[in-house]
Amino acid sequence: MYYIGESDVSEYDKHRTYKIRKGDTLQSVARELGVDAQDLRRHHNIYCRIPDLIEADFKSHLELLILPPEKKEAKTNDETEKKRRKVSFGDDNRLHFSPERTNENYKVQYISEVGDEVDVTEMNVNVKWLAVDKNKYHLFEINRASDIYINGKVPDTTMNELGAKTAEVLYPLKIVVDEFGEWIAVYNYNEIESRWEKIKNEILDYYEGEVAETYIEQIEYALENEDTLLASLRSDYFLRAFFNGIHIGYTADYSFKNEITFPLEKNKESVFKVEQKVASHLDEEGLIKVEQKGDYIDSGLEIDLGYAPWKGNYSAAYFLDADSYYIEKMNLECSIDYDNPIKIAIKIDSIKQVNPNND
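Definitions and cut-offs
Residues numbered from 1 in each chain as written. Predicted model: local features only at pLDDT ≥ 70, side-chain atom pairs only at ≥ 80, totals over all residues. Heavy atoms only, no water. Helix = DSSP H or I, 4+ residues; strand = E, 2+ residues; numbered from the N terminus. Buried < 20%, exposed > 50% of the residue type's maximum accessible area, 1.4 Å probe, protein only. Contact = heavy atoms within 4.5 Å. Areas by Shrake-Rupley, 256 points an atom, 1.4 Å probe, with all protein chains shown as cover. pLDDT = per-residue confidence, 0-100. Axes fitted to C-alpha atoms, helices over the stretch in contact; angles between N-to-C directions. Parallel < 35°, antiparallel > 145°, perpendicular 65-115°, else oblique. Polar contact = N/O pair within 3.5 Å; in protein donor to acceptor, adjacent residues only side chain to side chain. Phe/Tyr/Trp six-rings, centres within 6.5 Å; stacked < 30°, edge-to-face > 60°. Lys NZ or Arg CZ within 6 Å of the ring centre and 35° of its normal. Pairing = 2+ DSSP bridges. Salt bridge = Lys/Arg side-chain N within 4 Å of Asp/Glu carboxyl O.

### Regarding the overall build of the protein chain
No. 1: Scanning the protein chain from terminus to terminus reveals nine helices and 14 strands.
No. 2: Per-residue burial over the protein chain gives 42% buried out of 359 residues.
No. 3: Long-range contacts, defined here as pairs at least 24 residues apart, represent 61% of the contacts in the protein chain between residues at least 6 apart.
No. 4: Working note: accessible area of the protein chain is about 20300 Å², and carbon and sulfur atoms make up 47% of it.

### Overview of the confidence of the model for the protein chain
No. 1: Per-residue pLDDT for the protein chain has a mean of 84; in total, 86% of the residues score no lower than 70.
No. 2: Predicted confidence in the protein chain is weakest over helix α3 (residues 75-84), with a mean pLDDT of 54, and strongest over strand β7 (residues 173-177), with 97.
No. 3: When the criterion is pLDDT under 50, residues 1-9 qualifies, and its contacts beyond four places in sequence or with other chains add up to 22 contacts.

### Some points on the packing of helix α1 (residues 26-33) against helix α2 (residues 37-47)
No. 1: Where α1 contacts α2, the two axes come as close as 9 Å, and the packing angle between them is 105 degrees. The angle between α1 and α2 falls in the class roughly perpendicular. Contacts between α1 and α2 involve L26, Q27, V29 and A30 from the first element and A37, Q38, L40 and R41 from the second.

### Some thoughts on helix α7 (residues 226-233)
No. 1: For α7, every residue scored as buried is listed here: T228, L229, L230 and L233.
No. 2: N-cap assignment for α7: the residue whose side-chain oxygen lies 3.0 Å from the backbone N of D227 is N225.

### Description of the packing of aromatic side chains
No. 1: Evaluated as defined, the whole model comprises twelve aromatic pairs.
No. 2: Ring centres of W196 and Y215 lie 6.3 Å apart, and the angle between their planes is 65 degrees; on these two criteria the pair is classed as edge-to-face. A residue pair is termed long-range when its members are at least 10 positions apart, and W196 in helix α5 (residues 189-206) and Y215 in helix α6 (residues 210-222) qualify at 19 residues. Summarising the burial analysis for this pair, W196 and Y215 share the class buried.
No. 3: Here a set of aromatic residues connected by ring pairs shows up, and it is made of Y110, Y237, F262, F272, Y296 and Y314.
No. 4: Geometry around W183 places R234 over its ring, the cationic atom sitting 4.6 Å from the centre.
No. 5: The residue whose ring lies beneath K329 is F319, and the NZ or CZ to ring-centre distance is 5.1 Å.

### Some thoughts on the pairing of strand β3 (residues 103-114)
No. 1: The pairing of β3 with strand β4 (residues 117-132) spans twelve bridges and is antiparallel. For Y106, the partnering residue across the bridge sits in β4 and is V125.
No. 2: By the bridge criterion, ten bridges tie β3 to strand β14 (residues 342-351) in an arrangement that is antiparallel. Within β14, the residue paired with E113 across the bridge is K343.

### Observations concerning the side chain of N188
No. 1: Checked against the element boundaries, N188 lands in the loop between β8 (183-186) and α5.
No. 2: By relative accessible area, which is 5% here, N188 ends up buried.
No. 3: Side-chain polar atoms of N188 contact the backbone oxygen of P172, separated by 3.0 Å.
No. 4: Not counting residues up to four positions away in its chain, the partners in contact with N188 are P172, L173, K174 and R195.

### Some remarks on α2
No. 1: Buried residues of α2: A37, Q38, L40, R41, H43, H44 and N45, and no others.
No. 2: With a side-chain oxygen lying 3.0 Å from the backbone nitrogen of Q38, the N-terminal cap of α2 falls on D36.

### As for unusual backbone geometry
No. 1: Cis geometry marks the peptide bond from Y171 to P172; its omega dihedral reads 5 degrees.
No. 2: Note that P172 resides in the loop between α4 (158-170) and β7.
No. 3: Positive phi outside glycine occurs at K136, with the angle close to 70 degrees.
No. 4: By the secondary structure assignment, K136 is in the loop between β4 and β5 (138-144).
No. 5: Not every positive phi belongs to a glycine, and N151 is a case in point at roughly 55 degrees.
No. 6: Tracing the backbone through its elements, the reader meets N151 in the loop between β6 (149-150) and α4.

### Re the environment of I342
No. 1: Residue placement: I342 occurs in strand β14.
No. 2: Through-space distance from the C-alpha of I342 to that of S112 is 7.7 Å; in sequence the pair is 230 residues apart.
No. 3: What I342 contacts, discounting residues up to four positions off in sequence, is E113, V114, L264, E265, C334, S335 and I336.

### Considering the pattern of salt bridges
No. 1: Counting across every chain of the model gives 14 salt bridges.
No. 2: A salt bridge links E191 to R195, with the nearest nitrogen and oxygen atoms 2.8 Å apart. Remark: R195 and E191 occur in helix α5; sequence separation between them is four residues, near one turn of the helix.
No. 3: In this structure E191 comes out as partly exposed when scored by relative accessible area, which is 33%.
No. 4: Note that K200 is salt-bridged to E197, the shortest N-O span being 3.8 Å. Of this pair, K200 and E197 both sit in helix α5, three residues apart, which is roughly one turn of that helix.
No. 5: Residue class for K200 comes out buried when judged on its relative accessible area of 15%.
No. 6: Connected through shared salt-bridge partners, R21, D24 and E32 make up one network.

And the structure:
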């Protein structure tokens, strides 16, 4: 059973607050206080109760706005100090996983290279934290925007139209993430299966031919049960890259050797041996940097056949908010130098919401 925990002590007793007056908006209060409206919104949302989250603007019932700490008079010195600030770790140098109240929009880009063919896919994805249970398993909702661009254009082939139908079936997708930030299960299988029954009838009414029949067979197989759906979604680049399990314990020098698997090859997990490390201090932007770098581990089949082992590389960099430890942005590249080399590059950037009343 998932629950949303709240402190017994009011959050508003622990922080500086502003009493919201009739006619106040997020923008007008920000101007009055001389601070950035989105910084004001973000700070409030980190510490407030869930019903009091600010979205586009103040909710009608909201009476108090949680303000950032004072000490704005020496801005340059404050920014310098923030850059030099040490990262806060838990026991055993554990990197905290504190996704509570996360509700972020991300711009996602995949660059796929197979031989000489290059395709660029772009989309927007929303990641929203919903709840946590007593065993520290977190529940997230993932939503993907319907518009997907391939090489700068909205695709108009039958397969791509059917791909858009897949998004209608899968999203919103609810997933379970463990205490280390790694995705481990699909939570709303029954809901997805129910959506498919409706959308399948729409496909049968509108599409004909072998392409539609093959598509339906593939979806039916993926939705056969919870395990087959999970196996199918294991090839989703966003889920695998974003929920990678980086919030773990690190050594005294903040690094260790690790094995990373990634679905670079079709229907197969590629394995990479990497050095994983976290910076002990915030970077120039005040973010926590986590890196994974290493080489492809050949399965050994080529060696058995008398060929030289395949080579490849894996490189990922995560940049986390220093207060909430959620991902602000990340970059990942992995490749294998087959006779026909394959490479995938993934870029994920947080999109800061802009108030429509912003001047």
